[in-house]
Amino acid sequence: MKQALLGFVLLLPIFARPLQTSTPEGTFPGRATVEYTFGQRMRFVLEGEGLPSISEAILYYTMPGMETPYRVRRTPEASDGLRVIYERDLRREPLPPFVPITFWWEVREDPGGWHSTEPQTFRYLDNRVAWQTLSAGPLRLHWHAGDPGLARSVLELARRSLERIGGPLGYSAPEPIDLFWYADPELARAAFRLAGLEIEGEVRPRWRAVILMASPDGAGLEALRRAIPHELTHVVLHDLAGGQPLPAWLDEGWAVWSEGPPDPTLLRALQEPRLEGVSLIGLCGDFPTDPLRARQAYALAGATVRYLHDREGIGGLRRLLEAYAQGLSCESGVRRVLGRSLDRLEREVEAALRPQPPGRAVLEGLGPWLLLFLLMSLGPFSLLLGGRSSSAR
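Throughout what follows, the structure given in this document is the object of discussion. (Residues numbered from 1 in each chain as written. Predicted model: local features only at pLDDT ≥ 70, side-chain atom pairs only at ≥ 80, totals over all residues. Heavy atoms only, no water.)

1. Details of the pairing of strand S2 (residues 30-37)
Now for step 1: The pairing of S2 with strand S3 (residues 41-48) spans eight bridges and is classified as antiparallel. Bridging from a neighbouring strand, Thr37 pairs with Arg41 of S3. (Pairing = 2+ DSSP bridges. Helix = DSSP H or I, 4+ residues; strand = E, 2+ residues; numbered from the N terminus.)

What follows is the structure in C-alpha cells.
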C-alpha cells in the first residue's frame with residue numbers, strides 16, 4: 001500500500017543475458033568481484049589468473065527493466081596487466097536500494113582472443129544495517145532490531161499470510177521472497193532518498209523483495225498485520241499474472257482486501273464526496289499521488305474487490321486475473337468475465353455501499369420465507385372462493 005508505514009514491494013523477474021557485441025571464445029580463468037559502500041561508491045574488480053596479460057576488458061551490468069546493459073570498456077590498471085577496475089560514483093549516479101544487479105566481463109588477452117566471466121547477480125543491500133535472517137519456506141525475513149522472538153512472530157505472520165492469500169489460488173512461490181524489516185522508518189526513507197526516491201507512494205513490482213517499516217514492539221507487530229498481507233498480495237498476483245501488468249484497481253484493491261476487515265479510515269473515505277479522477281476507469285493505470293485522492297482510490301478499489309468476492313467468489317476473481325494475464329485491457333477483462341462495463345460495476349459497488357433503511361436487511365433475508373407463507377395462505381383462500389362459486393351455481 002502506498003501509504004506511510006506500509007511496505008514497498010519489489011519483484012525480480014527472470015531476465016535473459018542481453019546480446020553481446022563480441023564473441024567470447026571461452027570462460028575467463030580469473031576472478032570477478034564487486035564491493036560497495038552504500039550510497040557512496042561501487043567497485044567492480046577483475047583479476048586475471050593463468051593468462052599472459054589482459055589487453056582490454058568490457059564490463060556489462062544490468063538491472064530489471066533495462067533493455068540493454070550498461071557497457072564500460074576498461075584497460076588494466078596493474079603493471080602486470082592482470083587487474084581491471086571500474087568504479088561507479090553512487091553519489092552522482094545513485095542506484096535504488098535493494099535492486100538486483102547482474103554483471104559479467106568480456107576480456108581480450110594479449111595476445112589471444114576473447115574470454116567471458118560467468119554472470120553473477122547480487123542485491124544492492126543497505127549495508128549500513130547489520131541484517132539478521134530467518135527463513136520459512138520461500139520466505140526470508142531480514143531484520144536488525146528487536147529480539148529473535150519478535151522476528152519469529154513477524155516471519156510466522158508472513159508465512160500465514162502467504163498461505164491464506166495464495167492457498168485458494170493454488171499458488172506456490174517460484175522463487176524466494178525477501179522481506180526487509182526496518183525498525184526505524186526514517187532509516188528506510190533515508191536509504192531511498194539517497195537514490196532520489198520516496199518510499200511512500202512507491203510500489204515497483206519488479207524486484208523480489210518487500211520493504212517493511214514498523215517499530216520492533218507490539219504496536220509495530222499490529223501494524224505489520226496489515227502491511228505484510230498487503231505487500232505479499234502484490235507478489236502473488238505478479239507471479240500468477242506472469243508479470244503482465246494488472247489494472248491498478250484490481251492489484252491494489254486485492255491487496256487492501258487481503259489485509260482483513262476494512263480499515264476504518266478507508267470506510268470514512270468512502271462516505272466523503274468523490275474527488276475528481278477517482279473512478280474505476282481512472283484507476284486502470286497508476287494511482288493518484290495526491291494523498292486525499294489516493295485514500296479514496298484505495299477505498300474504492302478495496303470495496304470493489306470485496307464486492308466481487310462476495311458475489312463471484314474467489315473463482316470469479318481468479319478468472320478476472322487470468323483474463324488480464326492473457327493481456328486483455330482493463331475494460332475488456334471486466335466485460336469478458338463479469339459481463340458488464342467498469343462504469344456499471346462501479347455503480348453496483350456504490351449501491352451496495354449505501355446505508356440501508358432500518359429493517360431492510362431483515363426483510364431481504366426473510367423475503368423467500370414471506371413469499372412461501374403468502375403462497376401457502378392463498379391456497380385455502382382459493383379453495384374457499386371456489387366453494388362459494390359452486391354454491392352460487
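2. Focus on helix H3 (residues 218-240)
For an α-helix the count is 3.6 residues per turn, leaving residues at separations of three or four pointing the same way.
Now for step 1: A rise of 1.5 Å per residue sets the reference length of H3, with its 23 residues, at 33 Å; its end C-alpha atoms lie 33 Å apart and thus fit the reference within 8%.
Now for step 2: In the structure, H3 departs most strongly from a straight axis at Leu224, where the bend amounts to approximately 35°.
Now for step 3: In terms of residue burial, H3 counts as a mostly covered element, since 17 of its 23 residues are buried.
Now for step 4: Regarding H3, its N-cap is Asp217, as a side-chain oxygen of that residue lies 3.2 Å from the backbone nitrogen of Ala219 further along.
Now for step 5: Backbone geometry just after H3 places Gly242 at a positive phi near 65°. (Expected span 1.5 Å × (residues − 1). Bend = angle between axes of the 7 residues up to and from the residue. Buried < 20%, exposed > 50% of the residue type's maximum accessible area, 1.4 Å probe, protein only. Polar contact = N/O pair within 3.5 Å; in protein donor to acceptor, adjacent residues only side chain to side chain.)

3. Topic: the state of the cysteines
Now for step 1: Going through the model one piece at a time under the given rule, you end up with one disulfide.
Now for step 2: What pairs with Cys284 in a disulfide is Cys330, and their sulfur atoms sit 2.1 Å apart. Looking along the S-S bond of the Cys284-Cys330 disulfide, the torsion reads about -75°, which is the left-handed sense. Here Cys284, found in the loop between helix H5 (264-270) and helix H6 (291-325), pairs with Cys330, found in helix H7 (residues 330-338); they are 46 residues apart in sequence, far enough to count as distant. (Disulfide = S-S within 2.5 Å.)

4. Describing the pattern of salt bridges
Now for step 1: Evaluation of the coordinates by the stated rule reveals 29 salt bridges.
Now for step 2: Between Arg43 and Glu87 there is a salt bridge; the shortest N-O distance is 3.1 Å. Of this pair, Arg43 sits in strand S3 while Glu87 sits in strand S6 (residues 83-89), and the two are 44 residues apart along the sequence.
Now for step 3: The partly exposed category is assigned to Glu87, whose relative accessible area is 38%.
Now for step 4: Ionic pairing is found between Glu331 and Arg335, a salt bridge with its closest N-O pair at 3.0 Å. Here Glu331 pairs with Arg335, and both are found in helix H7, just four residues apart, close to one helical turn. (Salt bridge = Lys/Arg side-chain N within 4 Å of Asp/Glu carboxyl O.)

5. Digging into the packing of H6 against helix H8 (residues 342-353)
Now for step 1: At their nearest, the axes of H6 and H8 sit 10 Å apart, and the two run at 90° to each other. Comparing their axes, H8 and H6 come out roughly perpendicular. For the pair formed by H6 and H8, the contact residues are Leu300, Ala303, Thr304, Tyr307, Leu308 and Arg311 on the first element and Leu345, Glu346, Glu348, Val349, Ala352 and Leu353 on the second.
Now for step 2: Broken down by class, the residue content of the contact of H6 with H8 amounts to eight nonpolar, one polar and three charged. (Axes fitted to C-alpha atoms, helices over the stretch in contact; angles between N-to-C directions. Parallel < 35°, antiparallel > 145°, perpendicular 65-115°, else oblique. Contact = heavy atoms within 4.5 Å. Nonpolar A, V, L, I, M, F, W, Y, C, P; charged D, E, K, R; others polar.)

6. Quick notes on the sheet that holds S3
Now for step 1: Spatial ordering of the open sheet is given by S2-S3-S6, a layout of three strands whose pairing is antiparallel. The sheet terminates laterally at S2 and S6, the two strands that pair on one side only. Direction aside, neighbouring strands of the sheet carry axes that sit 10° apart on average.
Now for step 2: Here seven bridges tie S3 to S6, and the two strands are oriented antiparallel to one another. Among the inter-strand pairings, Glu47 is bridged to a residue of S6, identified as Arg83.

7. Examining the packing of H6 against H7
Now for step 1: Where H6 meets H7, the axes come as close as 10 Å, and the angle between the chain directions of the two elements is 125°. Taken together, the axis directions place H6 and H7 in an arrangement best described as oblique. Seen along the crossing, H6 lies across H7 with a hand that is right-handed. When H6 is examined against H7, the residues Leu308, Glu312, Gly316, Arg319, Leu320, Ala323 and Tyr324 are found in contact with a partner set consisting of Cys330, Gly333, Val334, Val337 and Leu338.
Now for step 2: For the contact of H6 with H7, the residue count by class is eight nonpolar, two polar and two charged. (Left-handed = near helix turned anticlockwise from the far one by under 90°.)

8. Structural notes on unusual backbone geometry
Now for step 1: In this structure, Phe98 is a non-glycine residue whose phi angle is positive, near 70°.
Now for step 2: With respect to the helices, strands and loops of the structure, Phe98 is situated in the loop between S6 and strand S7 (100-109).

9. So, the nonpolar core
Now for step 1: If you look at the biggest cluster of nonpolar residues, it comprises 60 residues, and the most contacted ones within it are Trp181, Leu224, Leu232, Trp249, Trp254 and Leu345.
Now for step 2: Top contributing element to this core by residue count: H6, with 13 residues.
Now for step 3: Residues Met42, Met63, Val72 and Val99 belong to the second largest nonpolar core, which totals 40 residues. (Core = buried A, V, L, I, M, F, W, Y, C linked by side-chain atoms within 4.5 Å.)

10. A word on the side chain of Asp126
Now for step 1: Within the secondary structure, Asp126 is located in the loop between strand S9 (120-123) and strand S10 (132-136).
Now for step 2: One polar contact links Asp126 to Tyr182, side chain to side chain, over a distance of 2.7 Å.

11. Let's talk about the packing of aromatic side chains
Now for step 1: Tallying each qualifying case throughout the model produces 18 aromatic pairs.
Now for step 2: A ring pair is formed by Phe44 and Phe103, whose centres lie 5.3 Å apart and whose planes are at 65°; its orientation type is edge-to-face. Separated by 59 residues along the polypeptide, Phe44 in strand S3 and Phe103 in strand S7 bring together distant segments of the chain. Residues Phe44 and Phe103 agree in their burial class; the two are buried.
Now for step 3: Both rings, one in Tyr61 and one in Tyr86, keep their centres 6.2 Å apart while their planes meet at 35°; by these two values the pair is tilted. One end of the pair, Tyr61, is in strand S4 (residues 54-62); the other, Tyr86, is in strand S6, with 25 residues separating them in the sequence. (Phe/Tyr/Trp six-rings, centres within 6.5 Å; stacked < 30°, edge-to-face > 60°.)

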